[in-house]
Amino acid sequence: MSENKRMGLVLIEAFADWEYGLVAASAVAWFGFSLTVLTPGGRPVTSMAGVTVSGGSALEAAQADDFDAVILIGSDRWEKGAAPEADALARAVHESGGTVGAICGGTVALARCGMLGGRAHTSNGRKWLRDVAGDYAGAEHYRDTPAAVTDDRIVTAPGTAPATFAVAVMKSLLPGGEDQIAEMRAMMAAEHTV
């Protein structure tokens, strides 16, 4: 199934290696999306495990019109306020009808810029998100769940949920792709049936 969707994957320094693989690979390999890696200044970034990703586009130059979805991958640097230009891009993509996904530390950026106001969401824990994001709008809508939560094309997940995050992002982007998304979910869940 090729829907010609375009995804921007935001990676910042010390990004979490386990959080982007399923969402990025399934978008490209299974669903035929195009993927653009967005990094601050378009510079190489290094993951928590020491893997360097280069060849990204400059996050600051990214335009909402170029993406159907933007995905913020976790890093402890989000807690320190890294990549504020991701806030503006996420908001613009959402306002233009796109999907915004944030996993782990990426949820901090959405909380700080007000995108979680009035929306069900999750993260690495209610207390953790309040401790790092402060008294953010929408805190009362936090859902204490180990799986991804979607509300109004905003997908959030704890860092321990890359599989449900990937499935929820695809479901948000492909409302007519239930059968293929169900296959994806079943394949990812199979290891837990042993």
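Residues numbered from 1 in each chain as written. Predicted model: local features only at pLDDT ≥ 70, side-chain atom pairs only at ≥ 80, totals over all residues. Heavy atoms only, no water.

Asker: Please clarify how helix 4 (residues 126–133) should be interpreted in this entry.
Answerer: Residues spaced three or four apart along an α-helix face the same direction, because each turn holds 3.6 residues. Among all positions of helix 4, only Leu129, Val132 and Ala133 are buried. Around the axis of helix 4, the buried residues are gathered within 85 degrees of arc, so they sit on the same side. Exposed side chains of helix 4 directed beyond 90 degrees from the buried face belong to Lys127 and Asp131. On its buried face, helix 4 is in contact with helix 3 (106–112). Following helix 4 by one or two positions, Gly134 adopts a phi angle in the positive range, close to 80 degrees. (Buried < 20%, exposed > 50% of the residue type's maximum accessible area, 1.4 Å probe, protein only. Helix = DSSP H or I, 4+ residues; strand = E, 2+ residues; numbered from the N terminus. Arc of directions from axis to C-beta. Contact = heavy atoms within 4.5 Å.)

Asker: Please explain the pattern of salt bridges as it appears in this structure.
Answerer: Counting across every chain of the model gives six salt bridges. The partner of Asp76 in a salt bridge is Arg77, and the shortest N-O contact between them spans 3.6 Å. Between Asp131 and Lys127 there is a salt bridge, with the nearest N and O atoms lying 2.6 Å from each other. In this pair, Asp131 and Lys127 both sit in helix 4, four residues apart, roughly one turn of the helix. For the pair Asp131 and Lys127, one class covers both residues: exposed. Sharing partners across several salt bridges, the network here consists of Arg119, Asp152 and Arg153. (Salt bridge = Lys/Arg side-chain N within 4 Å of Asp/Glu carboxyl O.)

Asker: Could you clarify how one ought to interpret the sheet that holds strand 2 (residues 34–39) in this entry?
Answerer: Whether parallel or antiparallel, the strands of a sheet pair through hydrogen bonds between backbone atoms. One open sheet holds the seven strands; their spatial order is 5-2-1-6-7-9-8, and the pairing between them is mixed. With one partner strand each, in any of the chains shown, strand 5 (57–58) and strand 8 (149–151) form the two edges of the open sheet. Bridge count for strand 8 against strand 9 (residues 154–157) is three bridges, and the pairing is antiparallel. Each bridged residue has a counterpart across the sheet, and for Thr150 the counterpart in strand 9 is Val155. Sheet strands touched by helix 1 (residues 17–30): strand 1 (6–10), strand 2, strand 6 (69–72) and strand 7 (99–103). Its angle to strand 1, the strand with the most contacts, is close to 165 degrees. Running over the sheet, helix 5 (residues 162–173) touches strand 1, strand 6, strand 7, strand 8 and strand 9 and is turned about 175 degrees from strand 7. (Pairing = 2+ DSSP bridges. Axes fitted to C-alpha atoms, helices over the stretch in contact; angles between N-to-C directions.)

Asker: Help me understand unusual backbone geometry in this model?
Answerer: Peptide bonds are mostly trans, and most non-glycine residues show a negative phi. The phi angle at Cys104 is positive, at roughly 55 degrees, despite the residue not being glycine. In this fold, Cys104 is placed in the loop between strand 7 and helix 3. Residue Cys104 is classed as buried on the basis of its relative accessible area, which comes to 14%. In this structure, Asp152 takes a positive phi of about 55 degrees despite not being glycine. Following the sequence through the fold, Asp152 ends up in the loop between strand 8 and strand 9. Given the relative accessible area of 36%, Asp152 is considered partly exposed.

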